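# Notes for the structure review
Listed below are the residues making up each chain.
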Amino acid sequence: MAVFSRGFGGRTRESSPDLPPGQFLTEDFPVLSAGPTPRIDTAEWSFSIRTETGAQHAWNWDEFRALPSELVSTDIHCVTRWSKLGTSWRGVSLDTLFEEVESSYDYVMAHSYGGYTTNLPLEDLLDGKAWIAYEFDGEDLDPEHGGPARLLVPHLYFWKSAKWVRGLVMMKDDEPGFWEQNGYHTYGDPWQEQRYW
Amino acid sequence: MSSHVDGNALAGPFSEVFRTDMTTAVCCCGGCGDTTTLATEMVYGTDALAHGSIVRCRSCDDVLITLVETPDRLVVRFPGIATLSVDRDTPPA
Amino acid sequence: MTDWKVGTVTDTRTETPTGRSITISVDGWPGNLAGQHLDLRLTAPDGYQAVRSYSIASVGDATSVQLAVDRFPTGEVSPYLVDEVLPGDQLEVKGPLGRWFVWTPEDTRPIQLIAGGSGIVPLIAMARAHAMAGSTTPFRLLYSVRTPEDRFFADDLAALESETFHVDYVYTRSTPADWPTPPGRVTREVIEAVTIPASDSPGVFVCGPTGFVEAVARSLVDLGHQPQSVKTERFGG
Ligand SMILES: Cc1cc2nc3c(=O)[nH]c(=O)nc-3n(C[C@H](O)[C@H](O)[C@H](O)COP(=O)(O)OP(=O)(O)OC[C@H]3O[C@@H](n4cnc5c(N)ncnc54)[C@H](O)[C@@H]3O)c2cc1C
Ligand SMILES: [Zn+2]
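Conventions and cut-offs
- Residues numbered from 1 in each chain as written.
- Chains lettered and ligands numbered in written order.
- Predicted model: local features only at pLDDT ≥ 70, side-chain atom pairs only at ≥ 80, totals over all residues.
- Heavy atoms only, no water.
- Patch = residues over 30% accessible without salt bridge, like charges linked within 9 Å, V, L, I, M, F, W, Y side chains within 5 Å.
- Areas by Shrake-Rupley, 256 points an atom, 1.4 Å probe, with all protein chains shown as cover.
- Salt bridge = Lys/Arg side-chain N within 4 Å of Asp/Glu carboxyl O.
- Lys, Arg positive; Asp, Glu negative; His and termini not counted.
- Charge placed at Lys NZ, Arg CZ, Asp CG, Glu CD.
- Helix = DSSP H or I, 4+ residues; strand = E, 2+ residues; numbered from the N terminus.
- Buried < 20%, exposed > 50% of the residue type's maximum accessible area, 1.4 Å probe, protein only.
- Disulfide = S-S within 2.5 Å.
- Contact = heavy atoms within 4.5 Å.
- Buried area = accessible area lost by both parts, 1.4 Å probe.
- Polar contact = N/O pair within 3.5 Å; in protein donor to acceptor, adjacent residues only side chain to side chain.
- Domains from an automatic or database assignment.
- Pairing = 2+ DSSP bridges.
- Axes fitted to C-alpha atoms, helices over the stretch in contact; angles between N-to-C directions.
- Near = heavy atom within 4 Å.
- Nonpolar A, V, L, I, M, F, W, Y, C, P; charged D, E, K, R; others polar.
- Core = buried A, V, L, I, M, F, W, Y, C linked by side-chain atoms within 4.5 Å.
- Phe/Tyr/Trp six-rings, centres within 6.5 Å; stacked < 30°, edge-to-face > 60°.
- Lys NZ or Arg CZ within 6 Å of the ring centre and 35° of its normal.
- pLDDT = per-residue confidence, 0-100.

By the naming in an unreviewed UniProt entry, chain C goes by Oxidoreductase and is assigned to Labedella phragmitis.

The name that an unreviewed UniProt entry assigns to chain A is Sulfite oxidase-like oxidoreductase, with the source organism given as Labedella phragmitis.

This is the structure:
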């Protein structure tokens, strides 16, 4: 049994009905660090989707930015317990990027510059649920927050919204990504509090 | 905080898993072959806001070890370590 | 395996405008080497826990430990330790931890200590161990702080100075009135001027905020110190 520390409350952890269980509100945008921040020049940047046939759909920065974009206003929930409400992003819908992609596989591994990976079911990326975001609050996305572009899948815990994303690879089975191999839940629904294995 | 600390900082969590002090263990990076004491590798994500601690090779940045503390488990992976050796005379952690 | 032990705060002392030292009596504390740290765990009434590492300023067989903590204004644990904790309060500690960043009297090389801010904590433990052991190997400390008020353990360090232990201060924002040099950082030139030269093959211990430690370690290697004789303890930040 732990000893309680008199007067210690931790960082304010007020819950609110808008918030998934166990989350608290934050006004700022905490930066979680897992390594040196990759700095990717948009001249070098590319994004691709690869399928089981080896077919590769790729966009360089200019091609990517020429695609229709959407303004997204959404709440985000980090598994480390902070939530931020009403964040505003601009990005390209995954529906747009998947338009020409033919695959019979149901799962996706997202790969990032810097080596990070995270796994998602394809259906969670389609039908207006996910974007490749390149603006936050009307500004270019900071490298600290995943710029030039990151995945944005706001209905799942935010580690699924891979920073510095560079590509998606279709998978037959749901194989675990970086944090998912390390104790984090394979799906990560904040409303079900799917934090860990 | 977003910057890294030294391998030293993981002495506590490692003591839950290993019998001796692991920070003085010598580890060889599977990526680049750099060999050094674990205490001198770089550790990211030891603050409250991190998902878990990540030990990276001091010379090539590859992920050597990850350590996640969930309420029920301590999950340790060694994705990038080729060899880990401990001096048998190291006292218990 | 090292277990969590219950500690009771027995004393607190204001050290700087943003930091203080705390003495904690720990049942079953086995004593510690100079340079080791402990993990400290706080538990809120709702069961929420926070764990942080703190170096130990004290050394030897005593069953109490002295820590010193600098406040990170937006931090979770350090403001509690600097502003809230009172004698009689209980908290949990695990340790002593780490056998790498330590000095023991068997080490007879000359020793250069370099501290930034609260990075003095494990290094004063080494200076204390040096004095306690009556070691005659030369010890030198370079201590970088923003202003004279920001020195942790100023009186203790003054009392420790001896034939074989010398302290040099570097002020980065403002200096005492009669100070010979303007405020400035611990540059390679400063290190060259007031530390044991590489040609004497000293052991070097560097501790403080990560940026400080990196800059100092780089300068030391530039000045010809062997990377393996420079040990570092980064506090983050
Ligand atoms: C081996 C070792 C020994 C150490 N020894 C000492 C010592 O002797 N003395 C000492 O003072 N320190 C020491 N430290 C540092 C100490 O462990 C803590 O990191 C330090 O006290 C800060 O903890 P905190 O809980 O106050 O800050 P944290 O809550 O961990 O915050 C750290 C940083 O993250 C930022 N941050 C946190 N939460 C948010 C948020 N929601 N939004 C935006 N930013 C946020 C804070 O602004 C701050 O900059 C040591 C560290 C190590 C690794
Ligand atoms: Zn390597």
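## A few points about a negative patch on the surface
All names here are of chain A. A grouping of Asp137, Glu139, Asp140 and Asp142 is seen on the molecular surface, where their side chains present a negatively charged patch. Assignment of secondary structure puts Asp140 in strand S9 (residues 139-140). Overall, the relative accessible area of 61% leaves Asp140 in the exposed class.

## Overview of the state of the cysteines
Residues and elements named next belong to chain B. Counted by the stated rule, this structure contains zero disulfides over all chains. Sulfur of Cys27: no disulfide; nearest cysteine sulfur belongs to Cys28 and is 7.8 Å away. Owing to a relative accessible area of 1%, Cys27 belongs among the buried residues under this scheme.

## Remarks on the interface of chain B and chain C
On the chain C side, the residues contacting the 21 residues of chain B number 22 residues. With both sides pooled, the region where chain B packs onto chain C buries about 1800 Å², and carbon together with sulfur makes up 51% of that total. On inspection of chain B and its partner chain C, the count reaches two salt bridges. A salt bridge links Glu16(B) to Lys94(C), with the shortest nitrogen-to-oxygen separation between them at 3.3 Å. The tally of links between chain B and chain C comes to eight residue pairs in polar contact (both at pLDDT 80 or more).

## Considerations on the domain arrangement of chain C
One frequently used descriptor of interface size is the decrease in accessible area upon assembly of the parts. All names here are of chain C. Segmentation of chain C into domains returns domain 1 (5-97) and domain 2 (111-235). For domain 1 versus domain 2, the separation of C-alpha centres amounts to 23 Å. Contact with domain 1, which involves 20 residues of that partner, is made by 18 residues of domain 2. Between domain 1 and domain 2, a total of about 1400 Å² is buried, with carbon and sulfur atoms accounting for 61% of that surface. Considering only the side of domain 1, the residues that lose the most area to domain 2 are Ser55, Ala57 and Val59, jointly responsible for 29% of the buried surface there. The interface formed by domain 1 and domain 2 holds one salt bridge in total.

## Notes on the sheet that holds strand S8 (residues 81-85) of chain B
Residues and elements named next belong to chain B. The strand order across the open sheet built from three strands is S3-S2-S8, with neighbouring strands paired in antiparallel fashion. Where the open sheet ends on each side, the last strands, each with one partner, are strand S3 (35-37) and S8. Here the strands of the sheet are splayed against their neighbours by 25° on average, with no regard to which way each runs. Note: strand S2 (residues 26-29) against S3, three bridges, orientation antiparallel. Paired with Cys27 across the bridge in S3 is Thr36.

## Regarding the site of ligand 1
In the vicinity of ligand 1, 24 residues are found, and the nearest of them are Ser53(C), Tyr54(C), Thr74(C), Val77(C) and Ser78(C). Two or more chains meet at ligand 1, and those chains are chains A, B and C. Between ligand 1 and Arg52(C) there is a distance of 2.8 Å, counted from an oxygen atom to a side-chain nitrogen or oxygen. For ligand 1, whose unbound accessible area comes to 970 Å², protein coverage reaches 88%. Looking at the shell around ligand 1, the elements that each hand over two or more residues are strand S4 (49-55), strand S5 (64-70), helix H1 (78-84) and strand S11 (230-234) of chain C. Grouping the amino acids of the shell around ligand 1 by side-chain chemistry returns 11 nonpolar, six polar and seven charged. When residues of the shell around ligand 1 are assigned to domains, at least three map to each of domain 1 (5-97) and domain 2 (111-235) of chain C.

## A look at the nonpolar core
Ranked by size, the top nonpolar core spans 41 residues in total, and within it Phe47(A), Leu94(A), Phe98(A), Leu125(A), Ile132(A), Leu151(A) and Leu168(A) carry the most contacts. Going through the elements one at a time, strand S2 (46-50), helix H1 (61-65), helix H2 (94-97), strand S6 (107-112), strand S8 (131-136) and strand S11 (165-171) of chain A together with strand S6 (63-69) of chain B are the ones with two or more residues in this core. Here the element with the most residues in this core is S11(A); it accounts for three residues. Beyond its immediate sequence surroundings of up to four residues, Leu125(A) is in contact with Leu94(A), Phe98(A), Val108(A), Leu120(A), Ala130(A), Leu151(A), Val153(A) and Leu168(A). Ranked by size, the runner-up nonpolar core spans 33 residues in total, among them Ala57(C), Trp100(C), Ile124(C) and Val167(C).

## Structural notes on the interface of chain A and chain C
Taken together, the contact pairs 11 residues of chain A with 21 residues of chain C. Of the roughly 1400 Å² buried between chain A and chain C, counting both surfaces, carbon and sulfur atoms make up 53%. When residues of chain A are sorted by the area they lose upon contact with chain C, Val3(A), Arg6(A) and Phe8(A) head the list and together hold 47% of the total. Counting across the chain A and chain C interface gives one salt bridge. Among the salt bridges present, the one from Arg6(A) reaches Asp89(C), with a minimum N-O distance of 2.5 Å.

## As for the packing of aromatic side chains
What the rule picks out here adds up to 29 aromatic pairs over all chains. Ring geometry for Trp61(A) and Tyr134(A): centres 6.3 Å apart, planes at 75°, overall edge-to-face. With a gap of 73 residues between them, Trp61(A) in helix H1 and Tyr134(A) in strand S8 connect regions that are remote in the sequence. Like Tyr134(A), Trp61(A) is buried. Through a chain of ring-to-ring contacts, the aromatic side chains of Tyr116(A), Tyr157(A), Trp159(A), Phe178(A), Trp179(A), Tyr184(A) and Tyr196(A) assemble into a single cluster. Of note, Lys231(C) hangs over the ring of Trp100(C), and the distance from its end group to the ring centre comes to 3.9 Å.

## Considerations on the confidence of the model for chain C
When pLDDT is averaged along chain C, the result is 96; 99% of the residues meet or exceed 70. Reported for the predicted complex are a pTM of 0.94 and an ipTM of 0.94.

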